[in-house]
Amino acid sequence: MAKKNIDTVSLIDTFAEFKETKSIDAATMVSVLEESFRSVIAKMFGSDDNYDVIVNPAKGDCEIYRNRVVVADDKVVDNNREISLSEARKIASDYEEGEDVSERIDFTKFGRRAILNLRQTLAGKILELEHDALYNKYKDKVGEVVSAEVYQVWKSETLLVDDEGNELMLPKHQQIPGDFFHKGDIVRSVVYKVDNANNNPKIYLSRTAPEFLQRLLEAEVPEINDGLITVRKIARIPGERAKIAVESYDDRIDPVGACVGVKGRRVHGIVRELHNENLDVINYTSNINLFMQRALSPATVSSIVLDEENKMAQVYLKPKEVSLAIGRGGLNIKLAGMITGYNIDVFREADDNEPQEDDIYLDEFTDEIDTWVVEALKSAGYQTARQILAVPREELADQADLELDTIDDVVRILNEEFEKE
């Protein structure tokens, strides 16, 4: 019985360990090992076509045979392809010129350089297989939720590993404000992007993408998973608030009620996962006027003027409804714009019970008030001085995201202007 070569066996054992951890099938293992041997042989002799490489994964060994033609003793030109008659008859006494001799080769006799080249070639092919396996596993998982363990936390990103030890990246800008991870934590994220530049796959995860919220909803609301309710649109300001537009083609199903659940039980788990991100679920409609009214809830809209070509909307509300439409820090109106796709401007309707007064647009105060302050107030839905003066200072600061001292300066300047008159 032929004695196994230690170096050859160690190479097979090394690949067997890789096969076990990476779930590489036996056929692929045989192919890679054979290809690695042939690659080294071809480098040494210029060709491998007169060699037979037989890999037996069941036995854990590999046999290499060199095929040469028998020629007269003084006619040998290429020792790799030809064997002299006298040498052939040492193998078997009945060989004649012109016959083929198949001789088993001890690969280690090719020298240390050949063994080193074989190890390097095999390692390179194993790495390629690892990259291919990782890419093939995740390329069709974009948009799916995965759970992975935190391995290392850096300032700009967090490294996670899946159950097979593959590395996944969760960039800081794809993390929810308030995310704070420790090594060993199990984190749920959605597969956001898969790059494969230079056959070096990179898997990027996200917890801020709308798809993450949608997958969580599908897991918690059976009617969505069963196709009875469709999530039409999602707008998120991660960690703060989100609006979800849902629709059902079955009149017997209330899509909003089904998503929220009794006492909000169906969204409680999602809210905790998203660090108390408030979820507003609204009914979707293709009627943009009605959809915008629903998107601006809890405010009650008086009227809307749409510019569909430029995606602009002028929304008119009673004074007491304006703050509801804008929301804390302007979140409600921002999300309404995101989910409808319109740039929304809010206007207060005049109260018929109050006397009309001359008013002044905020743009006329840019000599006394910083432009960025004016723009912040306008973004919050305030266009004129009278509108500003009619709202409590704390509410203004909250809606425009400005300091109280800044609001006090603005109010003082506006009051002084009317006192002049």
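Residues numbered from 1 in each chain as written. Predicted model: local features only at pLDDT ≥ 70, side-chain atom pairs only at ≥ 80, totals over all residues. Heavy atoms only, no water.

**Q** Explain the sheet that holds strand 10 (residues 229-237) to me, please; I cannot follow it from the model alone.
**A** Pairing between the strands of a sheet is mediated by backbone hydrogen bonds and can be parallel or antiparallel. Sheet architecture is open: three strands sit in the order 10-11-12, paired in mixed fashion. The open sheet has two edge strands, strand 10 and strand 12 (278-283), and neither has a second partner. Taken pair by pair, the neighbouring strands of this sheet meet at an average axis angle of 20°, ignoring direction. Strand direction decides the pairing type here: strand 10 and strand 11 (residues 241-248), joined by eight bridges, are antiparallel. If you follow Lys-233 over to strand 11, its bridge partner there is Ala-245. (Pairing = 2+ DSSP bridges. Helix = DSSP H or I, 4+ residues; strand = E, 2+ residues; numbered from the N terminus. Axes fitted to C-alpha atoms, helices over the stretch in contact; angles between N-to-C directions.)

**Q** Help me out: how do you make sense of the pattern of salt bridges in this one?
**A** Pairing is possible between side chains of opposite charge, provided their charged atoms come close. Counted according to the given criterion, the structure contains 25 salt bridges. Arg-38 is paired through a salt bridge with Asp-48; the nearest N and O atoms lie 3.0 Å apart. Here Arg-38, found in helix 2 (residues 26-45), pairs with Asp-48, found in the loop between helix 2 and strand 1 (51-56); they are ten residues apart in sequence, far enough to count as distant. Overall, Asp-48 belongs to the partly exposed group, its relative accessible area being 21%. A salt bridge links Lys-137 to Asp-162; the shortest N-O distance between them is 3.1 Å. Placement of Lys-137 in helix 4 (residues 112-138) and of Asp-162 in the loop between strand 6 (157-161) and strand 7 (167-171) is noted, with a sequence separation of 25 residues between them. (Salt bridge = Lys/Arg side-chain N within 4 Å of Asp/Glu carboxyl O. Buried < 20%, exposed > 50% of the residue type's maximum accessible area, 1.4 Å probe, protein only.)

**Q** Would you explain the confidence of the model for the chain in this entry?
**A** Reading fine detail from the predicted coordinates is not recommended where pLDDT is low. The pLDDT averaged across the chain works out to 85; a share of 90% of its residues lies at or above 70. The low-confidence segment residues 1-6 (pLDDT under 50) makes seven contacts with residues lying over four places distant or belonging to another chain. (pLDDT = per-residue confidence, 0-100. Contact = heavy atoms within 4.5 Å.)

**Q** Is there a simple way to explain unusual backbone geometry in this structure?
**A** Note on backbone geometry: most residues besides glycine have negative phi, and most peptide bonds are trans. Cis peptide bonds are those with omega within 30 degrees of zero, and the linkage from Ser-297 to Pro-298 qualifies with 20°. Unusually for a residue other than glycine, Asn-276 sits at a positive phi of about 65°. Along the chain, Asn-276 falls in the loop between helix 8 (265-273) and strand 12. Relative accessible area serves as the criterion here: at 55%, Asn-276 is assigned to the exposed category. At Lys-311, a residue that is not glycine, the phi angle is positive and equals roughly 55°. In this fold, Lys-311 is placed in the loop between strand 13 (303-307) and strand 14 (312-317). A relative accessible area of 42% places Lys-311 in the partly exposed class.

**Q** Whenever I open this one, the pairing of strand 9 (residues 202-206) confuses me. Can you help?
**A** Along a regular strand, successive side chains alternate from one face of the sheet to the other. Sheet topology places strand 8 (residues 186-195) next to strand 9; five bridges connect them, and they run antiparallel. Looking across to strand 9, one finds that Val-190 is bridged to Ser-206. Hairpin geometry of strand 8 and strand 9 is characterised by an intervening segment of six residues between the two adjacent antiparallel strands and by a positive phi of about 55° at Asn-198.

**Q** Would you mind going over the environment of Gln-314 with me for this structure?
**A** If you trace the backbone, Gln-314 turns up in strand 14. For Gln-314, a relative accessible area of 32% translates into the label partly exposed. Along the sequence, Gln-314 and Tyr-342 sit 28 residues apart, while their C-alpha atoms lie 9.9 Å from each other. In this structure Gln-314 touches Ser-303, Ile-304, Val-305, Asp-345 and Phe-347, once residues within four positions along its chain are discounted. At 3.2 Å, the side chain of Gln-314 and the side chain of Tyr-316 are in polar contact. (Polar contact = N/O pair within 3.5 Å; in protein donor to acceptor, adjacent residues only side chain to side chain.)

**Q** Mind showing me how you'd approach the nonpolar core here?
**A** Counting residues in hydrophobic clusters, the biggest one holds 49 residues, and the most contacted among them are Met-292, Ile-344 and Leu-377. Those residues within four positions of Leu-377 in sequence are excluded, and the remaining contacts are Leu-362, Tyr-382, Ile-388, Ala-400, Leu-402, Ile-407 and Val-410. Core analysis: the second largest hydrophobic core is formed by 24 residues, Leu-217, Ile-229, Val-231 and Ala-242 among them. (Core = buried A, V, L, I, M, F, W, Y, C linked by side-chain atoms within 4.5 Å.)

**Q** It is not clear to me how a negative patch on the surface should be interpreted in this structure. Could you clarify?
**A** Together, Asp-401, Glu-403, Asp-405 and Asp-409 make up a region of like negative charge exposed at the surface. Topologically, Glu-403 is positioned in the loop between helix 14 (393-400) and helix 15 (404-420). With relative accessibility at 59%, the residue Glu-403 sits in the exposed group. (Patch = residues over 30% accessible without salt bridge, like charges linked within 9 Å, V, L, I, M, F, W, Y side chains within 5 Å. Areas by Shrake-Rupley, 256 points an atom, 1.4 Å probe, with all protein chains shown as cover. Lys, Arg positive; Asp, Glu negative; His and termini not counted. Charge placed at Lys NZ, Arg CZ, Asp CG, Glu CD.)

**Q** How do you make sense of the side chain of Gln-175 when you look at a structure like this?
**A** Relative to the helices and strands, Gln-175 resides in the loop between strand 7 and strand 8. Of note is the side chain of Gln-175, whose polar atom sits 3.3 Å from the side chain of Thr-158. From its side chain, Gln-175 meets the backbone oxygen of Leu-170 in a polar contact 3.0 Å long. Dropping the residues within four chain positions of it, Gln-175 is found in contact with Glu-157, Thr-158, Leu-170, Phe-181 and Thr-208.

**Q** What is the right way to look at the environment of Arg-265 in this model?
**A** Inspection of the secondary structure puts Arg-265 in helix 8. Looking at Arg-265, the relative accessible area reads 57%, which means it is exposed. Separated by 45 residues in sequence, Arg-265 and Glu-220 place their C-alpha atoms 9.6 Å apart.

**Q** Help me understand the packing of aromatic side chains, please; the structure alone is not making it clear to me.
**A** Geometry of an aromatic ring pair is reported as the spacing of the ring centres plus the angle between the planes. Tallying each qualifying case throughout the model produces three aromatic pairs. Centre to centre, the rings of Phe-45 and Tyr-51 are 5.9 Å apart; their planes meet at 20°, and the pair counts as stacked. When its relative accessible area of 32% is taken as the criterion, Phe-45 is described as partly exposed. The buried category is assigned to Tyr-51, whose relative accessible area is 1%. Geometrically, the ring pair formed by Tyr-284 and Phe-291 is edge-to-face, given 5.2 Å between the ring centres and 70° between the ring planes. In this structure Phe-291 comes out as buried when scored by relative accessible area, which is 2%. (Phe/Tyr/Trp six-rings, centres within 6.5 Å; stacked < 30°, edge-to-face > 60°.)

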